[in-house]
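In case you want the letters, here they are:
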Amino acid sequence: SYVNRTAENVLAAFVKNGGNMGAIGSVSYLFDNKGVVVFAGDDADSIFELLLEADVDVDDVEAEEGTITVYTAPTDLHKAIVALRESGIEEFQVTELEMIPQSEVVLSGDDLATFEKLVDVLEDDEDVQKVYTNVEGF
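These figures come from a predicted structure and were not determined experimentally. (Residues numbered from 1 in each chain as written. Predicted model: local features only at pLDDT ≥ 70, side-chain atom pairs only at ≥ 80, totals over all residues. Heavy atoms only, no water.)

Here the focus is the overall build of the protein chain. Within the protein chain one finds 4 helices and 4 strands. Reading the protein chain from its N end, one meets helices and strands in the order α-β-α-β-β-α-β-α. With the C-alpha coordinates aligned to their principal axes, the bounding extent of the protein chain is approximately 50 × 40 × 25 Å. The proportion of buried residues among the 138 residues of the protein chain is 32%. In the protein chain, the share of contacts with a sequence separation of at least 24, taken over all contacts with a separation of at least 6, comes to 70%. Put simply, the protein chain shows about 9100 Å² of open surface, and 48% of that area lies on carbon and sulfur atoms. Charge-centre separation for the protein chain: the mean point of 7 positive side chains lies 10 Å from the mean point of 31 negative side chains. (Helix = DSSP H or I, 4+ residues; strand = E, 2+ residues; numbered from the N terminus. Buried < 20%, exposed > 50% of the residue type's maximum accessible area, 1.4 Å probe, protein only. Contact = heavy atoms within 4.5 Å. Areas by Shrake-Rupley, 256 points an atom, 1.4 Å probe, with all protein chains shown as cover. Lys, Arg positive; Asp, Glu negative; His and termini not counted. Charge placed at Lys NZ, Arg CZ, Asp CG, Glu CD.)

What follows is the structure in structure tokens.
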């Protein structure tokens, strides 16, 4: 079946590329599930206020280099998109649920090379939709 094939491919990717595979959900405590919306803009405060007025459960709004990133409770992602559209924002670079690491680790040298190879192999698998990591820069 599709699920078994995917599981076998992912396990093989880890085994062949220096990784270790834990049990399902064994590292989920290291991540927070959040709604993420990214669009052009620079006034994080006004976006934060707009979303609060729309009764959106907002975790954070960041502005960096002409881009605003909004983090919401996962259940309020759609509500945030609707509120932003109603305020006149029409184009979004990202509108999805993400697993955001609570902290990041720094890899270098051989460890970084091994990690990059493993991520490349996983991302090349047509059945893998998304790779989440707590490695800084990824």
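Continuing now.
Our next topic: the sheet that holds strand β1 (residues 31-40). Across the sheet, which stays open at both edges, the 4 strands sit in the order β2-β3-β1-β4 with antiparallel pairing between neighbours. Each edge of the sheet is formed by a strand with only one pairing partner; in this case those strands are β2 (58-64) and β4 (94-101). Across the sheet, the axes of successive neighbouring strands diverge by a mean angle of 25°, strand direction being ignored. Pairing of β1 with strand β3 (residues 67-72) involves 6 bridges; the strand directions are antiparallel. Paired with V36 across the bridge in β3 is Y71. Those strands touched by helix α2 (residues 44-53) are β1, β2 and β3, and its axis lies near 155° from that of β2. Sheet contacts for helix α3 (residues 77-86): β1, β3 and β4; angle to β1, the most-contacted strand, approximately 15°. (Pairing = 2+ DSSP bridges. Axes fitted to C-alpha atoms, helices over the stretch in contact; angles between N-to-C directions.)

Here we take up the environment of L52. With respect to the helices and strands, the residue L52 is situated in helix α2. Judged by relative accessible area, which is 45%, L52 ranks as partly exposed. A C-alpha to C-alpha distance of 39 Å links L52 and D120, two positions 68 residues apart in sequence.

Next up on the list: the packing of aromatic side chains. Applying the stated criterion across every chain yields a total of 2 aromatic pairs. Aromatic side chains F39 and F92 sit 6.0 Å apart centroid to centroid with 85° between the ring planes, which places their arrangement in the edge-to-face category. Of this pair, F39 sits in strand β1 while F92 sits in the loop between α3 and β4; the two residues are 53 residues apart in sequence, bridging distant segments of the chain. You can call F92 buried: its relative accessible area is 19%. Aromatic pair F115 and F138: ring centres 4.9 Å apart, planes at 85°, arrangement edge-to-face. In this pair, F115 sits in helix α4 (residues 109-124) while F138 sits in the segment after α4, placing the two residues 23 residues apart along the sequence. (Phe/Tyr/Trp six-rings, centres within 6.5 Å; stacked < 30°, edge-to-face > 60°.)

Moving on to the nonpolar core. One finds V37, F39, I47, L51, V70 and L84 to be the most contacted residues of the largest nonpolar core, which totals 17 residues. Elements that contribute at least two residues to this core include exactly β1, α2, β2, β3 and α3. With residues near it in sequence (within four places) discarded, V37 still touches I68, T69, V70, L77, I81, L84, F92, V94 and T95. V10, L118, L122 and V128 belong to the second-largest nonpolar core, a separate cluster that totals 6 residues. (Core = buried A, V, L, I, M, F, W, Y, C linked by side-chain atoms within 4.5 Å.)

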